[in-house]
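Below are the chains, spelled out letter by letter.
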Amino acid sequence: MTQEKKQWPGARIIHLVGGCRAINNFGPIVEFAPDTLEGKIGQFKIGSYGAIYKSLKSLNIGIIGVDFYSHILEVEGSVPPNWRSFHRTKNTSWPVEEVSQKWSNIGHAAFKNKNGQLWDIGSRIGHQLRVCDWRLREISEAYSNQLNARVKLNDFDVGQSFEDGFTWLTYLSIQSFLVDACILRDYLAEFASGFVYKDIVDMGNCKITAMGPLKKKILNKIIDNDDFTQELRQETSKSGWITLLGNYRDLIVHSAPLAQAERKLFSVCDKLAIDENGSLPIIRCPIPDNPAQILSSRSTGDHFVDFDNQFNVFAKVAKGDISMIDGLDYASMVLGNLAKLSELAADKSPLAPQIMVFNSSNIIGEVKEKYY
């Protein structure tokens with residue numbers, strides 16, 4: 001192995017906001033894709049393997065996640081790349097990966113201790129964290145497909161609103177993330193009711209498996225103000241991110257698909273400055289910032305009273321007259337928040353995580369090894 005490859009243990013494709021990419025093969029050069037709006041190859045040089053994240057931050061470019069390629073099978077597409085969503089915290093850049101593994105290890109500890117309830121919920125939380133992590137990648141890939149198609153067609157004008165064959169797929173990926181994120185939210189509520197607030201739940205003789213009932217029946221009775229309870233109480237308030245996430249889920253499940261909940265949603269061409277001489281093309285997919293209001297309006301029928309206004313309101317979005325939330329940015333933020341909440345919940349586990357070890361005591365049958 002060359003010295004360069006020792007310093008660069010794997011190639012990377014960094015998923016950035018808006019569907020663009022930063023590609024780093026075995027070496028210090030990082031190239032952006034697609035090319036800049038000025039028709040140039042955007043690139044920069046890093047001094048070490050780990051410096052890429054700080055360099056992108058210095059350029060004020062948001063990171064969604066990273067595909068790591070450390071084996072030829074990953075490069076060839078025979079096996080998927082090692083994907084990790086990126087959320088910089090005080091202790092790590094990969095909280096989703098780390099907390100999902102912690103919950104899997106809690107499930108393993110529960111299995112060894114024959115605690116069926118904890119094994120079940122711990123395993124489900126670990127699994128659902130990985131599901132949401134991959135759903136975020138699907139959104140990023142949908143953005144990238146739409147962006148690349150627009151650039152290849154030479155039909156990219158900053159500020160242009162459009163709909164093509166990829167637009168529906170992009171909003172579908174966002175919608176799928178929202179549903180799976182709420183499944184994880186409810187798994188955490190189920191864990192909280194069964195283990196953190198078990199005494200209160202037993203007094204009420206009820207099983208809670210969703211965040212809504214946990215808030216109504218439990219949180220208002222809690223006197224303690226530990227970090228986990230404080231986070232739940234704050235974020236299930238009217239302005240909290242858990243409440244907003246639930247409103248999105250209720251809108252798309254009980255009322256209308258995200259892409260036509262309030263108006264016909266389009267994608268928007270935008271740009272991302274990388275230095276004083278160039279900008280990257282990016283895609284924005286706005287989602288309505290008032291899901292609770294839209295759900296209420298659709299339920300009462302007020303939404304359909306003025307059809308012309310209902311259909312033409314998108315023009316205000318295109319001009320920037322109505323606030324918007326970008327779907328990819330929002331999903332990334334929600335996943336980071338779910339990782340934080342999952343970490344706080346894991347600290348409340350009655351059993352400490354235990355790493356599964358494979359040896360002669362738990363391997364049945366012949367072991368076959370393959371070397372590629």
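Quantities reported herein were computed from a predicted structural model and do not represent experimental measurements. (Residues numbered from 1 in each chain as written. Predicted model: local features only at pLDDT ≥ 70, side-chain atom pairs only at ≥ 80, totals over all residues. Heavy atoms only, no water.)

A. Seen up close, the pairing of strand β8 (residues 267-275). Alignment of strand β7 (residues 161-162) against β8, held across two bridges, turns out to be antiparallel. Opposite phenylalanine 162, over in β8, you have serine 267 as the bridge partner. Pairing geometry for β8 and strand β9 (residues 278-284), over seven bridges, is antiparallel. Bridge pairing in β9 places alanine 273 opposite serine 279. Counted along the chain from β8 to the antiparallel partner β9, the turn is two residues long. (Pairing = 2+ DSSP bridges. Helix = DSSP H or I, 4+ residues; strand = E, 2+ residues; numbered from the N terminus.)

B. Summary view of the sheet that holds β9. Strand order in the open sheet made by the three strands is β7-β8-β9, with antiparallel pairing throughout. A strand with exactly one partner marks an edge of an open sheet, and here the two such strands are β7 and β9.

C. Just unusual backbone geometry, in detail. In this structure, proline 34 follows alanine 33 across a cis peptide bond, with omega equal to 0°. One non-glycine residue, asparagine 60, lies in positive phi territory at about 60°. One can find asparagine 60 in the loop between α2 (52-58) and β5 (63-69). Since its relative accessible area comes to 65%, asparagine 60 is described here as exposed. One non-glycine residue, lysine 114, lies in positive phi territory at about 60°. (Buried < 20%, exposed > 50% of the residue type's maximum accessible area, 1.4 Å probe, protein only.)

D. Quick peek at the pattern of salt bridges. One pass over the structure, following the stated rule, counts 16 salt bridges. For the salt bridge of arginine 150 with aspartate 164, the shortest nitrogen-to-oxygen distance reads 3.8 Å. Residue arginine 150 is located in helix α5 (residues 116-152), and its partner aspartate 164 is located in the loop between β7 and α6 (167-196); the two are separated by 14 residues in the primary sequence. Owing to a relative accessible area of 7%, arginine 150 belongs among the buried residues under this scheme. In this structure, aspartate 226 engages lysine 348 in a salt bridge whose closest nitrogen and oxygen atoms are separated by 3.2 Å. Residue aspartate 226 is found in the loop between α8 (211-217) and α9 (227-235), and its partner lysine 348 is found in the segment after α14 (327-346); the two are separated by 122 residues along the sequence. The partly exposed category is assigned to aspartate 226, whose relative accessible area is 22%. (Salt bridge = Lys/Arg side-chain N within 4 Å of Asp/Glu carboxyl O.)

E. Region of interest: the pairing of β5. By the criterion of burial, β5 is predominantly enclosed, with seven of the seven residues buried. Alignment of strand β1 (residues 11-16) against β5, held across six bridges, turns out to be antiparallel. When the sheet's bridge partners are listed, isoleucine 13 is paired in β5 with aspartate 67. Judged from the four bridges that link them, β5 and strand β6 (residues 82-85) form a sheet pairing that is antiparallel. Within β6, the position partnered with valine 66 by the bridge is arginine 84.

F. Up close: a nonpolar patch on the surface. A cluster of nonpolar side chains, contributed by Phe166, Trp168, Leu169 and Leu172, occupies part of the molecular surface with about 390 Å² of accessible area. Among the structural elements, phenylalanine 166 can be located in the loop between β7 and α6. Residue class for phenylalanine 166 comes out partly exposed when judged on its relative accessible area of 31%. (Patch = residues over 30% accessible without salt bridge, like charges linked within 9 Å, V, L, I, M, F, W, Y side chains within 5 Å. Areas by Shrake-Rupley, 256 points an atom, 1.4 Å probe, with all protein chains shown as cover.)

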